[in-house]
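Residue-level structural notes
One letter stands for each residue in the lines below.
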Amino acid sequence: MTERPAHADSLPPNERRPLAARVGAGVWGRPIVPVVVIGVAVVLPLVVKSGFTLGIFTDSLVYVVLALSYDLSVGRVGALSLAHPAFFGTGAYAAAIVFERYALPLALQVLIAVGAAVVLAFLIGIPAFRLAHLTFGMATLGFALIAELIAQNEIGLTNGPLCIAGLSSLSSRPLGSLGIDQNGQQYYIFLVIAVAVAAFVWVLVRSRIGRAYIAIREDEPMAMSVGINPKRYRMSAFVIGAALAGLLGAFYAHYLSVVCPTNLDISYTVNLLVILFLGGTGGFWGIIAAAFVFTAIPEELQVAPNIRLIAYGAALLLGVTLLPQGFEGAAKNVRRRLTRRARARRA
Amino acid sequence: MLEVKGVTKSFAGVHALEDVELTVKAGQFVSIIGPNGSGKTTLFNCISGFLRPDNGTITFEGRPIAGRQPFQIAHLGLVRTFQSVRLFGQLTALENLAVAVQQHQGDSTLGRFFRTRTIRRHEAEAVAHAEELLERVNLEQHRSTPAAELSYGQRKLLSIAAALMARPKLVLLDEPTAAVNPTAILSIRDILRELHQEGQTILLVEHNMQFVMDLSEHVVVLDAGQKIAEGSPREVREDKRVLEAYLGT
């Protein structure tokens, strides 16, 4: 970024970046990391020929979006919601239902999916945010279970356990004309969504809104005494996260071309919590890395589902004891130690 | 500017405050003193919106504020600090101040997200103001240090600066010298004196008598939830009831 606060040049170099990146100008920070990551992601389908493996990467991208949107609530404002899959599933169902009944175009389906997820987020959030920390989590869990029960039992609306099948599958004609097959097209569509959502979250958490989120998480009374309304900001993080999950759900419905009650399942929450806590709540790159690791590795190794849950539990326990701040915190510690050593050597 | 009338607050039958009156005029430096458990902090919490008084009225610039939410009261220009320092530990000193101002500029939410030109100007102003305040409390060299890594005295100073960020009309300081070393107490005293000379209205709750007597124009004495005396520092020091309350004779 060319724009910099005027005082930046008078500072020692190690103090320049965090300030420029976190207060005032320079929202984007150093562009090297995102450019490399996106670059690798773009050329990936040229290297990975197996449709199965590429599918795993597509699933990982889905988890990147789910985890980053979930973290707005869990990591940024410290509200441990357990209802995130309900928003994802509601988005998927909303898109599927309006597609099946009215054959609306995808753009409208997405809008309706986002709207449905937002309405549900308010319906859950307004009563649940009256409760304190753990009871808030329990209340959201209750609502998430109710949402799944509705999907199972409102057969007139959702077909129940028979699922809504036969949705048009996700594809892109322009990408097809470049000679990219169906798997590749779907991968690129989710890559675009993931990059867009990640960029949105990145800008959001670096704006003043993001700073207010941190203030509420770190010390609520202090946040109130400087004029921040904690309820409003907490609700906004919850609703924005729900909207992003709903948007993703609409695309996901067409990706699988079928929507089932399992799309609202609590098992998503377990996976997402593993990703957030091992990636580092309130982080960014750590969460993205964890989303890949914990989607790709179990799939690639073809672990049996019941063993997978045990392995997840073990990984979570090890993670929270050995890396209490997740991948991201561990990486930061290493970096801090290295700079300290470098400084000591210079002195 | 601030008027407290007949404020009563009980906790499970214990009268923490009984019919307390208090007036702070614009530009005044008023202190509240009293032995432990006399209701000083309870009164502070009632004024700043963290507690709702059972009875009585609190008006700030003519507006009733009793029972309003703390953030609403902060918006009106009445900002407090806390006895035990509260800061956002993961944010740097400068960011702690930047957070403190953001709610007072009336920017739209969308604007905040897209960082419009106005927002960027406001942020630049806020950063400039924050730097000024950091210099004031002698923390300019710690601007990029996370608050959690500062010493206790430094954090205390930073929390005072954070309260000043919003350019409050009235600032409530809850025991700024508690658990602070003597040198830091002197620098806090000088900073507060300077602020008052510039016209800042200040309401202070304090244990340290020397500190109170050095700074205040007007002192209110609480004991067991009741106001037992008020007046200039000298008048209060010579008041029989005050001596009784403190010495227990």
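The structure displayed is predicted, hence computed values, not measured ones.

Bringing the overall build of chain B into the picture now. Regarding its fold elements, chain B presents 10 helices and 10 strands. Computed over the C-alpha atoms, the radius of gyration of chain B is 19 Å, within 12% of the 18 Å expected from 2.2 N^0.38 for a compact globule of 249 residues. Considering only contacts within chain B whose residues lie at least 6 apart along the sequence, 67% involve residues at least 24 apart. Entry remark: accessible area of chain B is about 10,700 Å², with carbon and sulfur atoms responsible for 47%.

Attention now moves to unusual backbone geometry. Phi at C163(A) takes a positive value of approximately 70°, unusual for a residue other than glycine. Here C163(A) is to be found in the loop between α7 (155–158) and β1 (164–165). Phi angles above zero are rare outside glycine, and R167(B) is one such case at about 45°. Secondary-structure assignment places R167(B) in the loop between α6 (152–165) and β7 (170–174).

Residues and elements named next belong to chain A. Taken as a whole and judged by the stated rule, the model has 1 disulfide over all chains. What pairs with C163 in a disulfide is C260, and their sulfur atoms sit 1.9 Å apart. Here the disulfide of C163 and C260 is right-handed, its torsion about the S-S bond being about 110°. Remark: C260 occurs in the loop between β2 (258–259) and α13 (266–279) and C163 occurs in the loop between α7 and β1; sequence separation between them is 97 residues. Residue classification places C163 among the buried residues on the basis of a relative accessible area of 11%. Here C260 falls in the buried class, since its relative accessible area comes to 18%.

What follows concerns helix α9 (residues 182–206) of chain A. A rise of 1.5 Å per residue sets the reference length of α9(A), with its 25 residues, at 36 Å; its end C-alpha atoms lie 36 Å apart and thus fit the reference within 8%. Within α9(A), 18 of the 25 residues are buried, which leaves it mostly tucked inside the rest of the structure.

Further remarks concern the layout of surface pockets. Using a probe with the size of a water molecule, rolled over the atoms, empty space left in the structure can be pinpointed. Residues and elements named next belong to chain A. By volume, the second largest pocket is sized at about 420 Å³. Within the residue set of the lining of the second largest pocket, elements represented by two or more residues are α3 (51–76), α13, α14 (285–301) and α15 (305–322). With 5 residues, α15 is the single largest residue contributor to the lining of the second largest pocket.

This part takes up the confidence of the model for chain A. The predicted model of chain A has a mean per-residue pLDDT of 84, with 90% of residues at 70 or higher. Counted against residues more than four places away or in other chains, residues 1–26 of chain A, with its pLDDT under 50, gives 40 contacts.

Residue and element names in this part refer to chain A. Helix length check: helix α12 (residues 230–256), at 27 residues, gives a terminal C-alpha distance of 38 Å against a target of 39 Å (1.5 Å per residue), a fit within 8%. Counting buried positions along α12 gives 21 out of 27 residues, so the element sits mostly inside the fold. Between the side-chain oxygen of the N-cap and the backbone nitrogen of K231 there are 3.2 Å, and the N-cap of α12 in question is N229. Looking one or two residues beyond α12, the residue adopting positive phi is S257, at roughly 55°.

Next up on the list: the side chain of K40(B). All names here are of chain B. Locating K40 in the fold gives a position in helix α1 (residues 40–47). No salt bridge forms around the buried K40; measuring N to O, its nearest opposite-charge neighbour E175 is 4.5 Å away. For K40, the side chain forms a polar contact with the main-chain oxygen of G34, separated by 2.9 Å. Beyond its immediate chain neighbours, meaning those up to four positions away, K40 contacts I32, I33, G34, P35, E175, V205, E206, H207 and L222.

Now for the sheet that holds strand β1 (residues 2–11) of chain B. Residue and element names in this part refer to chain B. Spatially, 4 strands are ordered β2-β1-β4-β5 in an open sheet, and the strand pairing comes out antiparallel. What marks the edges here is a single partner per strand, and that holds for β2 (14–24) and β5 (63–64). Of the pairings in the sheet, the one linking β1 to strand β4 (residues 55–60) comprises 5 bridges and is antiparallel in character. The residue of β4 that forms the bridge with V4 is I58. Against the sheet, α1 contacts β1, β2 and β4, and its axis sits at roughly 65° relative to β2.

Looking now at the pairing of β4(B). Along any regular strand, the residues point their side chains to alternate faces of the sheet. Pairing analysis gives 2 bridges linking β4(B) to β5(B), with the strands arranged antiparallel. Within the sheet, the bridge partner assigned to T59(B) lies in β5(B) and is P64(B).

What follows deals with the pairing of strand β8 (residues 201–205) of chain B. Residue and element names in this part refer to chain B. Taking burial as the measure, the 5 residues of β8 include 5 buried ones, the bulk of the element. With burial as the criterion, each face of β8 is covered, one bearing T201, L203 and V205 and the other bearing I202 and L204. Summarising the sheet, strand β3 (residues 29–33) and β8 pair through 4 bridges and their orientation is parallel. The residue of β8 that forms the bridge with I32 is V205. Handedness of the crossover joining β7 and β8 through helix α7 (residues 182–197): right-handed.

Conventions we followed
- Residues numbered from 1 in each chain as written.
- Chains lettered and ligands numbered in written order.
- Predicted model: local features only at pLDDT ≥ 70, side-chain atom pairs only at ≥ 80, totals over all residues.
- Heavy atoms only, no water.
- Helix = DSSP H or I, 4+ residues; strand = E, 2+ residues; numbered from the N terminus.
- Rg over C-alpha atoms; globule rule 2.2 N^0.38 Å.
- Contact = heavy atoms within 4.5 Å.
- Areas by Shrake-Rupley, 256 points an atom, 1.4 Å probe, with all protein chains shown as cover.
- Disulfide = S-S within 2.5 Å.
- Buried < 20%, exposed > 50% of the residue type's maximum accessible area, 1.4 Å probe, protein only.
- Expected span 1.5 Å × (residues − 1).
- 1 Å grid on protein atoms, 1.4 Å probe; cavity = no way out; pocket = protein on both sides within 12 Å on 5 of 7 lines; lining within 4 Å.
- Points joined across faces, edges and corners; volume = space filled by probe spheres on them.
- pLDDT = per-residue confidence, 0-100.
- Polar contact = N/O pair within 3.5 Å; in protein donor to acceptor, adjacent residues only side chain to side chain.
- Lys, Arg positive; Asp, Glu negative; His and termini not counted.
- Salt bridge = Lys/Arg side-chain N within 4 Å of Asp/Glu carboxyl O.
- Pairing = 2+ DSSP bridges.
- Axes fitted to C-alpha atoms, helices over the stretch in contact; angles between N-to-C directions.
- Right-handed = clockwise from strand over helix to strand, strands pointing away.

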